[in-house]
Amino acid sequence: MFRKAAVPTVSNGSYLQGQADGKLSSLDSGQPAQEEKVVLKKKVTLLRGISIIIGTIIGAGIFISPKGILKNTGSVGMSLTVWTVCGILSLFGALCYAELGTCIKKSGGHYTYILEAFGPLPAFVRVWVELLIIRPAATAVISLAFGRYILEPFFMQCEIPELAIKLITAVGITLVMVLNSTSVSWSARIQIFLTFCKLVAILIIIVPGVIQLIKGETQHFKNAFAGNDASVMGLPLAFYSGMYAYSGWFYLNFVTEEVENPEKNIPLAICISMIIVTVGYVLTNVAYFTTISAGELLLSKAVAVTFAERLMGDFSLAVPVFVALSCFGSMNGGVFAVSRMFFVASREGHLPEILSMIHVRKHTPLPAVIVLHPLTMIMLFNGDLYSLLNFLSFARWLFIGLVVAGLIYLRYKRPDMPRPFKVPLFIPALFSFTCLFMVALSLYSDPVNTGIGFAITLTGIPAYYLFIVWDNKPKWFRKLLVAWKCCRTGRERWPFLPPGRGTLHHKHSAQRRLPIAWRRKGINKMKLLAAALRPIAPSRTAKLLGRLQLPGWCLLSSSAGPNLLLLALQPCFSSKISIHSSGAGCS
């Protein structure tokens, strides 16, 4: 299922093998192939980067239930203070990620930066928990909100059936997966549109709130800090709620390799997005308190709906539609970004290598996107989503704090690293201390749930040594992993190439079937050859595949495999094959 961890092959975000330009030698001329190499294209502009960040941060929480902070602070004034402080802290963290994104030009976000600073074990633990639990559960939660509020206008007088919510949610998840698998450009365009819808929805709340303030509706702001019963136990939970509401500022760093001019666009996109979101969040909460008291806000099931009903009358019917669009945007942005983390982790050898394949025509990491679909569906229909998120909410901030601490470590470990964008040292120090302090207080205030989450996270350590480090696996275990890799899904028509590889013949070469001579000899399993071709040098592999007209995905085959298979296939080759101590070769 997994293979031994590889040494990181790039530091500038381009994963190329073979020749320096990422293309393979042709068979006859010996010149580089003329066809375009298969890589993820740089299609994320400044506007698209802003839409990814804003569209992922603003979900359903600010419209439905922004009461976690108020509940744990106990007063209007303190809740607005925490909203503002969390926005500033998130901006500090985003600036730290802007520096990391401009000096380490690789996609992957948290995973890549932990790998560069602290090595493969903590990086593997991070992607392990993200893939198996955090991302599927988080996607399922935001998707459930989408399903509920897209159906809200049709069930105004009765309760929405849970089965209907889950079915619509499943359709929404599938639509997001298909969209991200089909086209990066269309996914980005839809994200821009959905981000515009979110900002319009926030303005629909802010503008009437400002009008209320002008009219003198300030009764709920009198003695704003009165009744404050916040404690050491409650403040960490309030900051958790606030930081969770702002979470999403790091997603642009997951797609660094696809950002145009990252040295300029990543810092600009992060700063513009965080200023817009922070101002929007604070003003939205101020607008709520112009019409709704603190007690009414805590009792409301959908704060934006209650606010709209009091000030806008029938127009409040539009609020569920805007909430559903907001949730869909968060789903789309999250899947778009996190799939690149899995893509990079596979490229580094920490996940099954099929996840590092790129579609040769669509230029999307389709397997890395699709892998989320079954896991999310399992969470949706069978998992206790909110408990899982409570268990693992601390893990996200633990690793984010570790990433920012890694920035400080890299300042001393690699002082000569180019840093086009550099933040003052007190910013990463303050942010990493805040994250780690919140994690420590959560262990004190909620030891059971946090302890369970900590135990789940630690399962990544034995998994790392079992799948990545351990070489002398039993024969039955190796066969099981090979069977997993070589699943029988019509490999003869598999339209993928590894990143940086050139297509061998024409754009449909990956779909060619085996030659007649091979079929006559009963060699009808592409997986057998894939295991044997791995040890051959890239240039000779290109010549070999050119003679045999094999699909290019063979270049992405699994571990070394049985070299004797090449000798058994000798009659099928026009060149002589020999076995050397360093592996198989042809001449």
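Residues numbered from 1 in each chain as written. Predicted model: local features only at pLDDT ≥ 70, side-chain atom pairs only at ≥ 80, totals over all residues. Heavy atoms only, no water.

**Q** When you look at the packing of helix α6 (residues 120–151) against helix α19 (residues 460–469) in this model, what are you seeing that I'm missing?
**A** Pairs of packed helices are described in terms of their axes, by the angle between the two and the distance that separates them. Between α6 and α19, the shortest axis-to-axis distance is 9 Å and the interhelical angle comes to 110°. On the basis of their axis angle, the class for α6 and α19 is roughly perpendicular. Listed contacts from α19 to Pro-120, Leu-121, Phe-124, Val-125 and Trp-128 of α6 are Gly-460, Ile-461, Ala-463, Tyr-464, Tyr-465, Phe-467 and Ile-468. Along the lines of polarity and charge, the residues of the contact of α6 with α19 split into 11 nonpolar, one polar and no charged. (Axes fitted to C-alpha atoms, helices over the stretch in contact; angles between N-to-C directions. Helix = DSSP H or I, 4+ residues; strand = E, 2+ residues; numbered from the N terminus. Parallel < 35°, antiparallel > 145°, perpendicular 65-115°, else oblique. Contact = heavy atoms within 4.5 Å. Nonpolar A, V, L, I, M, F, W, Y, C, P; charged D, E, K, R; others polar.)

**Q** Quick question: what am I supposed to make of the nonpolar core here?
**A** Considering soluble globular proteins, one finds that nonpolar side chains tend to be buried as a cluster. Among the nonpolar cores identified, the biggest contains 129 residues, and Phe-63, Trp-249, Leu-252, Tyr-281 and Phe-342 are the most heavily contacted of them. For this core, the element with the most residues is helix α13 (residues 318–347), which contributes 15 residues. Setting aside residues no more than four positions away along its own chain, Phe-342 makes contact with Val-127, Glu-130, Leu-131, Arg-135, Leu-351, Leu-355, Ala-368, Val-371 and Leu-372. Core analysis: the second largest hydrophobic core is formed by eight residues, Phe-124, Trp-128, Val-129 and Tyr-464 among them. (Core = buried A, V, L, I, M, F, W, Y, C linked by side-chain atoms within 4.5 Å. Buried < 20%, exposed > 50% of the residue type's maximum accessible area, 1.4 Å probe, protein only.)

**Q** I'm lost on the environment of Ile-52 in this one. Help?
**A** Its location among the elements puts Ile-52 in helix α1 (residues 46–57). What makes Ile-52 buried here is its relative accessible area of 5%. If we ignore the near neighbours within four places in the chain, the residues touching Ile-52 are Val-44, Gln-191, Tyr-251, Leu-252 and Phe-336.

**Q** Mind showing me how you'd approach the environment of Gly-248 here?
**A** Here Gly-248 shows up in the loop between α9 (234–246) and α10 (262–291). Look at Gly-248 and you get buried, because its relative accessible area is 0%. Setting aside chain neighbours within four positions, we find Gly-248 in contact with Ile-53, Thr-56 and Ile-57.

**Q** What am I meant to see in the side chain of Glu-130 here?
**A** Following the sequence through the fold, Glu-130 ends up in helix α6. For Glu-130, a relative accessible area of 3% gives the class buried. Within polar-contact distance, the side chain of Glu-130 engages the side chain of Arg-126 at 2.7 Å. If we ignore the near neighbours within four places in the chain, the residues touching Glu-130 are Arg-135, Pro-136, Val-338, Met-341 and Phe-342. (Polar contact = N/O pair within 3.5 Å; in protein donor to acceptor, adjacent residues only side chain to side chain.)

**Q** I tried to follow the packing of α1 against α13 on my own but got confused; where do I start?
**A** Running from N to C, α1 and α13 point in directions that differ by 125°, and their axes come no closer than 7 Å. In this view, α1 runs oblique relative to α13, as classed from their interaxial angle. For α1 against α13, the interelement crossing comes out left-handed. Mapping the contact onto sequence places Ile-52, Gly-55 and Thr-56 in α1 and Gly-329, Ser-330, Gly-333, Gly-334 and Phe-336 in α13. Split by residue class, the contact of α1 with α13 holds two nonpolar, six polar and no charged. (Left-handed = near helix turned anticlockwise from the far one by under 90°.)

Shape descriptors only; they carry no functional weight alone.
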